[in-house]
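# Per-entry structural report
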Amino acid sequence: MTTECGMSAQIADDTSILNQCVVLEKDGHVHVEENILNVNEMEMGSVLLSIMFGEVCGTDVHLRHGRLNTVVYPIIPGHVAVGTVHTVRGDIADVDGMKVEAGDVVTFLDVIDTCNSCIQCLVDKQTTRCSKRRVIGITCKADHTSIRGLLGGWTTYLYLPPNTKIIRLPRTLPPQVFIAGGCGLPTALHAVDRANIHIMDRVIIQGSGPVGLLAALLAQASGALQVVVIGAPAHRLEVFKKFGFEHTINILDISDPVERRKLAMKMMGDKLADVVIEATGRPEAVSEGMELCRDGGTYVVVGQYTDNGSVSINPHFLINRKHITIKGSWGSDFSHFYRGVQFMDKNSHLPWDLVVSKCFDLEDAEQAIACVERLEVFKVLLRPTKNK
Ligand SMILES: [Zn+2]
Ligand SMILES: [Zn+2]
């Protein structure tokens, strides 16, 4: 690393930037790198963002433990981030046709390179399963020594390659509110779309993390009569209560799934749920979730993002005779993200500050991941020192 003085001398030229970023290696090693990078190396159609906040989510814990098999390390983690446009190379417009300019506060869809040419994209219409797609902060191999390699949000400057889908934050939506929704927002919105909630449906959310909270809010916005949340630990359920969800069940207090089902039914007027959304990451939650559905109900599984093992179910009682619809929900596309930003703008009055438990420096990324892994916090962010 160059000395501080050496750097100041070298970055006097305005085409050079001093960048600091977090690099995650395949063996789980996390280190912070500083480099001076050349803005002239940006491709036509690309954007350089000066990052305000990069989110730390459960996926980053999985990435650290190498639990996603499509990742080519090293990476710069951080798939959801918000920042100010520093440099735009060429003419770029957002989806509303507005020119993207330096100083704009924007976010971006982390999924890039969806091909619109493969069988999944064109015929099956399952673009979130396109085999060509890459995800900034997850499956994009990073190179911290090149401006084009800054492909993750845990950085001072993030490089958005040509064709990255950029969304300008409405002026009424503060960046810290948007990022409190963060990654859970499009994920939950996709799951709630899949759930096809009807007016006055009874909905159970399994899981009390960020995706669970957003799913609960979106279920409510979709017209649910009642939303019951099953999760843990208690401090997370307290956040749900502050958002107005009175009916919560702590799995640490009530460890028997049968007792939990009885209590959930009691809360819902002696009825099972019309819709259950799983956002736990725990395979055993799936059989319980199917039990919680009424006959003919809908069950959406969104929390099993990594392979945490199998679970046995009784197909006679839980599927065939129960007549339920089971749906998976994988990733998100631009429509989920775009509508998610609008949802946050419309709901910016909610107590989002309770969602972000802590804001760490890039140097403390390892500690930030550990806090998320231990479920000590609801959500944490990384904030580059330069942009504080
Ligand atoms: Zn494709
Ligand atoms: Zn995420």
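Once a new chain begins, its residue numbering starts again from 1 and follows that chain's sequence as written. Written order decides the labels, with chains lettered from A and ligands numbered from 1. Per-residue local features of the predicted model are confined to residues with pLDDT of at least 70, and side-chain atom pairs are confined, for both listing and counting, to 80 or more; whole-chain, interface and lining totals are unaffected and use all residues. Computation of side-chain values covers all heavy atoms of the structure but excludes hydrogens and water.

## A short note on the packing of aromatic side chains
- Side-chain rings of Phe, Tyr and Trp (the six-membered ring for Trp) are treated as a pair once their centres are within 6.5 Å; stacked means planes under 30 degrees apart, edge-to-face means over 60, and tilted covers the remaining angles. Applying the stated rule across the entire model yields six aromatic pairs.
- Seen from their ring centres, phenylalanine 243 and tryptophan 352 are 5.1 Å apart, and the 65 degrees between their planes marks the pair as edge-to-face. In this pair, phenylalanine 243 is assigned in the loop between helix 7 (234-242) and strand 12 (248-250) and tryptophan 352 in the loop between helix 11 (334-346) and strand 16 (356-360), connecting sequence segments 109 residues apart.
- Judged by its relative accessible area of 3%, tryptophan 352 falls in the buried class.
- Either the NZ atom of lysine or the CZ atom of arginine qualifies as a charge over a ring when it sits within 6 Å of the ring centre and within 35 degrees of the ring normal. Looking at arginine 236, its charged tip hangs above the ring of phenylalanine 378, at a distance of 5.4 Å from the centre. Under the scheme used here, helices are H or I runs from DSSP no shorter than 4 residues and strands are E runs no shorter than 2 residues, and both carry numbers assigned from the N terminus. The rule is simple: take the accessible area with a 1.4 Å probe, protein chains only, and divide by the maximum for that residue type; under 20% is buried, over 50% is exposed, in between is partly exposed.

## Looking at helix 7
- Three or more residues of helix 7 are buried, namely Arg236, Leu237, Val239 and Phe240. Relative to the axis of helix 7, the buried residues are bounded by an arc of 150 degrees and lie together on one face.
- Residues are treated as being in contact if the distance between any of their heavy atoms lies within 4.5 Å. If you follow the buried residues of helix 7, they end up packed against helix 6 (210-221), strand 11 (226-231) and strand 12.
- In the segment just after helix 7, glycine 244 is the residue with positive phi, at about 100 degrees. Arc definition: it is the arc formed by the directions from the helix axis to the C-beta atoms.

## Remarks on the coordination of the zinc ion (ligand 1)
- Only nitrogen, oxygen and sulfur atoms qualify as donors, provided they sit within 2.8 Å of the metal or within 3.2 Å for Na, K and Ca; with water excluded from the atoms, sites may seem incomplete. Protein coordination at the zinc ion (ligand 1) comes from Cys115 (SG), Cys118 (SG), Cys121 (SG) and Cys130 (SG), with a distance range of 2.3 to 2.4 Å.
- Just to be clear on the cut-offs, tetrahedral is four donors with all angles between 85 and 135 degrees, square planar is four donors and octahedral six with opposite donors over 155 degrees apart and all others between 65 and 115, and anything else goes down as irregular. Seen from the zinc ion (ligand 1), its four donor atoms lie at angles of 104 to 118 degrees, and the figure they make is tetrahedral.
- For the zinc ion (ligand 1), all donor residues lie on one chain, and their spacing in sequence is C-x2-C-x2-C-x8-C. Here cysteine 115, found in the loop between strand 6 (111-112) and helix 3 (119-122), pairs with cysteine 130, found in the loop between helix 3 and strand 7 (134-135); they are 15 residues apart in sequence, far enough to count as distant.
- Judged by relative accessible area, cysteine 115 falls into the partly exposed class, the value being 23%.

## Let's talk about the coordination of the zinc ion (ligand 2)
- Surrounding the zinc ion (ligand 2) are the protein donor atoms Cys57 (SG), His79 (NE2) and Cys183 (SG), which sit 2.0 to 2.2 Å from the metal.
- In primary-sequence terms, the residues that donate to the zinc ion (ligand 2) follow C-x21-H-x103-C. Here histidine 79 lies in the loop between helix 2 (58-64) and strand 4 (81-88) and cysteine 57 lies in the loop between strand 3 (47-56) and helix 2, a separation of 22 residues in the sequence.

## Topic: the confidence of the model for the protein
- In predicted models, pLDDT denotes the confidence assigned by the predictor to each residue on a 0 to 100 scale. Here the protein averages 93 in pLDDT, while 96% of its residues score no lower than 70.
- Scored below 50 in pLDDT, residues 1-12 shows 13 contacts in the model against residues more than four places distant or in partner chains.

## As for the domain arrangement of the protein
- On domain assignment, one finds that the protein holds domain 1 (4-172 + 348-387) and domain 2 (184-328).
- Delimitation of the domains relies on an automatic or database domain assignment. Placing a centre on the C-alpha atoms of domain 1 and another on those of domain 2 gives a separation of 31 Å.
- At the junction of the two partners, domain 1 supplies 16 residues and domain 2 supplies 16 residues.
- Summed over both partners, the interface of domain 1 with domain 2 buries about 1,400 Å², with 73% contributed by carbon and sulfur atoms. Throughout, the accessible surface (probe 1.4 Å) given up by two parts as they are put together, summed over both, is called the buried area.

## Re the environment of isoleucine 249
- Residue placement: isoleucine 249 occurs in strand 12.
- A sequence separation of 18 residues divides isoleucine 249 from glycine 231, and the C-alpha atoms of the two residues are 6.4 Å apart.
- When neighbours within four sequence positions are excluded, isoleucine 249 is seen to be in contact with Val228, Val229, Ile230, Gly231, Leu237, Ile254, Arg260, Leu263, Ala264 and Met267.

## Let's talk about unusual backbone geometry
- Along the chain, tyrosine 73 connects to proline 74 via a cis peptide bond; the corresponding omega equals 0 degrees.
- Mapped onto the elements, proline 74 comes out in the loop between helix 2 and strand 4.
- A cis amide bond, omega -10 degrees, links alanine 232 with the succeeding residue proline 233.
- Locating proline 233 in the fold gives a position in the loop between strand 11 and helix 7.

## What to know about the packing of helix 5 (residues 184-195) against helix 6
- Where helices are involved, their axes are fitted lines through C-alpha atoms of the stretch in contact, as for all axes, and angles between N-to-C directions lie from 0 to 180°. Between helix 5 and helix 6, the least distance of the axes is 8 Å, while the angle of their chain directions is 50 degrees. When the interaxial angle is binned, helix 5 and helix 6 end up oblique. Where helix 5 crosses over helix 6, the handedness of that crossing is right-handed. Between helix 5 and helix 6, the residues in contact are Gly184, Leu185, Thr187, Ala188, Leu189 and Val192 and Val211, Leu214, Ala215, Leu218 and Ala219, respectively.
- Under the scheme applied, nonpolar residues are Ala, Val, Leu, Ile, Met, Phe, Trp, Tyr, Cys and Pro; charged residues are Asp, Glu, Lys and Arg; polar residues are all the others, including Gly. The class makeup of the residues in the contact of helix 5 with helix 6 is nine nonpolar, two polar and no charged. Our angle categories are set so that under 35 degrees counts as roughly parallel, over 145 as roughly antiparallel, 65 to 115 as roughly perpendicular, and the remainder as oblique. Each crossing is labelled by how the near helix is turned from the far one, with a counterclockwise turn of less than a right angle marking it left-handed and a clockwise turn marking it right-handed.

## Regarding the side chain of serine 208
- One can find serine 208 in the loop between strand 10 (202-206) and helix 6.
- Since its relative accessible area comes to 4%, serine 208 is described here as buried.
- Here a polar contact is taken to be a pair of N or O atoms separated by no more than 3.5 Å, where protein atoms must pair a possible hydrogen donor with a possible acceptor and residues adjacent in sequence count only if both atoms sit in side chains. Of note is the side chain of serine 208, whose polar atom sits 3.0 Å from the backbone oxygen of alanine 232.
- Excluding residues within four positions of it along the chain, serine 208 makes contact with Val229, Ile230, Gly231, Ala232, Arg236, Leu237, Phe240 and Phe378.

## Quick look at the nonpolar core
- The definition of a nonpolar core used throughout is a set of buried Ala, Val, Leu, Ile, Met, Phe, Trp, Tyr and Cys residues joined through side-chain atoms within 4.5 Å. Phe178, Ile277 and Trp352 are the most contacted members of the largest nonpolar core, which has 106 residues in total.
- Inspection of this core shows a minimum of three residues originating in each of domain 1 (4-172 + 348-387) and domain 2 (184-328).
- Contacts of isoleucine 277, omitting those with residues within four sequence positions, involve Ala191, Val192, Ala195, Ile204, Ile205, Gln206, Ala215, Val300 and Val302.
- Ranked by size, the runner-up nonpolar core spans 17 residues in total, among them Ile230, Ile249, Met290 and Tyr299.

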